[in-house]
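Results of the structural survey
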Amino acid sequence: MEKPKAVETIKKLAADPSAYLKSWKGKPGRKILGYFCTNTPEEMIQAAGFLPVRILSSRDTISLASRHLQSYSCSLVQSSLESALRGELSYLDGTVFPHTCDSIQRLSDIWAENLHFAFHWDLGLPVKLHTESAKTYLIAELRRFRRGLEEFIGRAVSDDDLRGAILLFNENRRLLKEVAGLQSENPGRIPPSDLYAIIKTANFLPKDEHNPLLGELISQLGEGRPSPFSGPRLFLAGSVCDQPQIYALMESCGASLVGDDLCTGWRYFADDASPEGDPIGALADRLIRKVPCPCKFNPGIDRATRLLERVKVSGAQGVIFLLLKFCDPHAFDYPYLKEKFDEENIPSLLLEIESGGLPLGAMETRLRAFIETLESGK
Ligand code: SF4
Ligand code: SF4
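1. As for helix α8 (residues 192-202)
In terms of residue burial, α8 counts as a mostly covered element, since 11 of its 11 residues are buried. Looking at α8, one finds that the buried residues are Pro-192, Ser-193, Asp-194, Leu-195, Tyr-196, Ala-197, Ile-198, Ile-199, Lys-200, Thr-201 and Ala-202.

Now the structure itself:
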């Protein structure tokens, strides 16, 4: 039988992460730590012998979580708590909560109180990233995290363990950047749904499994010359998008995704950590250098300027802002970003999304109307 193409394997895995993780965990000695947010140093979790898995949950019905959360919590938080309370994350040995938005911080307390995973960690990241004291504090927090993990596993996590993890993750980021480069070179090469699956699998597959799959995918993408793409070229901006339906919608409208600024996308793999020198310092540097989302403040890196640059380089005709319902940090940021895009005459559309129950019909009407506007301005 012919071996399935890498993209087919990736799509199959992305369709059911839970089944994969339960079976992966079935082998003796394997441990999984869940985490929220791309500001978590996954390399540290890896170096301590765990598989780091990003918690992203999309549910249509929230019932158990509504006993603990206000109905105006963002749907990522509601949905994740619901999944955990229903026992669907039973493969986790613990969870890491980085200091980001208020919702994640309060979720950490509720999680610790009502769920009893063996390991629970609050990682105190600074909000202001540009000061010397922020870096000192961040390094101290990362060292405290390492000690917490060491206590839990009963062995030391050496600098060499950390350097090994940094190299492994840098390789994954390099491959993901290569895929993104191939995509923007010819947007018809990878349909948006495939792109979703590629990034989705990066969030839970062990890197030593994901990296060879990506290598195989890249070599298969290089086979033959895809026909030039003439449909609308769109760029996605926002926070988290774990809804494959959005990508499928773009595809059914004939659009292509030429770039994104999501933390379930480009912002996950954009920045490397140095494998040289003190690995804790390198992890801290990476977190400081990252383009900040609205939960962090770094006056040296203006998000709007970076975003505009990336949109222009991608050749996108328009930008879709995906705003997760009740995500206050991004809702506060949106008017400023929109103004910057208006000043540059770059068309944009705001779509509010939720974890479950997306109003796909209404979204499709708005997306098609937006695409028509873009095409009429060609
Ligand atoms: S938007 Fe910011 S705080 Fe929220 S998950 Fe992404 S990186 Fe973390
Ligand atoms: S989506 Fe927004 S509100 Fe929800 S956890 Fe991320 S930053 Fe916080």
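Having seen it, we continue.
2. Description of the environment of Glu-88
Looking at where Glu-88 falls in the secondary structure, it is placed in the loop between α4 (75-85) and β3 (94-98). Placed 70 residues apart in sequence, Glu-88 and Ser-18 show a C-alpha to C-alpha distance of 7.9 Å. Once residues within four sequence positions are removed from consideration, Glu-88 is found in contact with Ser-18, Arg-59 and Ser-83.

3. A closer look at the site of ligand 1
Ligand 1 sits among Cys-37, Thr-38, Asn-39, Arg-54, Thr-100, Ser-239, Cys-263, Cys-293, Cys-295 and His-330. Across the shell around ligand 1, the residue classes tally to four nonpolar, five polar and one charged.

4. Some details on the pairing of strand β1 (residues 31-35)
Here β1 lies mainly inside the structure; four of its five residues are buried. Handedness of the β1-helix α3 (residues 42-47)-strand β2 (residues 50-54) crossover: right-handed. Across three bridges, β1 lies against β3 in parallel orientation. Residue Leu-33 lies in a different strand from β3, and its bridge partner there is Gly-94.

5. A short note on the site of ligand 2
By nearness alone, every residue bordering ligand 2 is listed as Cys-74, Leu-76, Cys-101, Ser-103, Ile-104, Leu-324 and Cys-327. Across the shell around ligand 2, the residue classes tally to six nonpolar, one polar and no charged.

6. Considerations on the environment of Leu-89
As for its position among the elements, Leu-89 is in the loop between α4 and β3. Residue classification places Leu-89 among the buried residues on the basis of a relative accessible area of 10%. Residues Leu-89 and Ile-190, 101 residues apart in the sequence, show an inter-C-alpha distance of 31 Å. Excluding anything up to four places from it in sequence, Leu-89 contacts Ile-55, Ser-80, Ser-83, Ala-84, Trp-111 and Phe-117.

7. A short note on the pattern of salt bridges
Pairing between side chains of opposite charge can happen when their charged atoms approach one another. This model, assessed by the stated rule, comprises 24 salt bridges. Where Glu-171 meets Arg-174, a salt bridge forms, and the shortest distance between an N and an O atom there is 3.0 Å. Placement of both Glu-171 and Arg-174 in helix α7 (residues 159-185) is noted, with a separation of three residues, approximately one turn of the helix. A relative accessible area of 31% places Glu-171 in the partly exposed class.

The rules behind each value
Residues numbered from 1 in each chain as written. Chains lettered and ligands numbered in written order. Predicted model: local features only at pLDDT ≥ 70, side-chain atom pairs only at ≥ 80, totals over all residues. Heavy atoms only, no water. Buried < 20%, exposed > 50% of the residue type's maximum accessible area, 1.4 Å probe, protein only. Helix = DSSP H or I, 4+ residues; strand = E, 2+ residues; numbered from the N terminus. Contact = heavy atoms within 4.5 Å. Near = heavy atom within 4 Å. Nonpolar A, V, L, I, M, F, W, Y, C, P; charged D, E, K, R; others polar. Right-handed = clockwise from strand over helix to strand, strands pointing away. Pairing = 2+ DSSP bridges. Salt bridge = Lys/Arg side-chain N within 4 Å of Asp/Glu carboxyl O.

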